Structure formats: structure tokens, C-alpha cells
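# Overview (structure and organization)
Here's the letter readout for the chains.
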Amino acid sequence: MKYAEFKALNMFRQQEYLTGHGRLLAERREDSFRLQLFAVADFYAEQWCEYDNEHLLFIHLFRHPAGLRDYLPAIRLPRDW
């Protein structure tokens, strides 16, 4: 799925797609939030949840590698990539 198609989905469909088709690259905590970074086709998706109850707040999409800066120490690429 390409960026424009993904962006047209509602947030909960986006979450389903990430779970089923995205590659989880890293997780981190920021204040009271848990952030998960996914790689999908031609973009990245950052899923923001409340840390204690996993309530999905929003999904931030980006294409530019500068958005990876906060994740670089934690990213682990699969060996088959």
C-alpha cells in the first residue's frame, strides 16, 4: 500500500494495516506515551499510544529519514531485509 492510500484510511484501519503488514522497527517511550515505528512500502508510520492502557492516540506518517533520528539507537533490522 502506498502513502496516499494509507493516509486515506481512518486511524483504526491504519492500525490494523500496520499490525498485519508493517514492519515494526523500534519502540520508544516519550513522557507518558509509547511510540512504535513501522516501515510500510514508501513511508514510515509512528504509532502513538498512552503508555499505561495502550489507547491509540494518533498515527504520524513521514517519508523523510530525518524522522528516524530519535529511533536510530533502537532500530533493529531483520536479517532477511
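Here we take up the sheet that holds strand 4 (residues 56-62). If you trace the 4 strands from one edge of the open sheet to the other, you get 1-2-3-4, paired in antiparallel fashion. Whereas interior strands pair on both sides, the edge strands pair on one side only; in this sheet they are strand 1 (23-30) and strand 4. Here the average twist between neighbouring strands, direction ignored, is 20 degrees. Of the strand pairs in this sheet, strand 3 (residues 43-50) and strand 4 are connected by 6 bridges, and their pairing is antiparallel. Within strand 4, the position partnered with Tyr44 by the bridge is Phe62. Against the sheet, helix 2 (residues 11-21) touches strand 1, strand 2 (33-40), strand 3 and strand 4, its axis set at about 70 degrees to strand 4.

With that out of the way, let us pick up the pairing of strand 2. With 7 of 8 residues buried, strand 2 is to be regarded as a mostly interior element. Bridge count for strand 1 against strand 2 is 7 bridges, and the pairing is antiparallel. In the sheet register, Leu24 faces strand 2, and the bridge partner there is Phe38. Hairpin geometry of strand 1 and strand 2 is characterised by an intervening segment of 2 residues between the two adjacent antiparallel strands and by a positive phi of about 55 degrees at Asp31. With 8 bridges connecting them, strand 2 and strand 3 associate as antiparallel partners. Residue pairing for strand 3: Val40 is matched across the bridge by Phe43. Remark: 2 residues form the turn of the hairpin made by strand 2 and strand 3, two consecutive strands paired antiparallel; Ala41 in that turn has positive phi of roughly 40 degrees.

Definitions and cut-offs
- Residues numbered from 1 in each chain as written.
- Predicted model: local features only at pLDDT ≥ 70, side-chain atom pairs only at ≥ 80, totals over all residues.
- Heavy atoms only, no water.
- Pairing = 2+ DSSP bridges.
- Helix = DSSP H or I, 4+ residues; strand = E, 2+ residues; numbered from the N terminus.
- Axes fitted to C-alpha atoms, helices over the stretch in contact; angles between N-to-C directions.
- Contact = heavy atoms within 4.5 Å.
- Buried < 20%, exposed > 50% of the residue type's maximum accessible area, 1.4 Å probe, protein only.

These results come straight from atomic positions and should not be treated as a statement about function.
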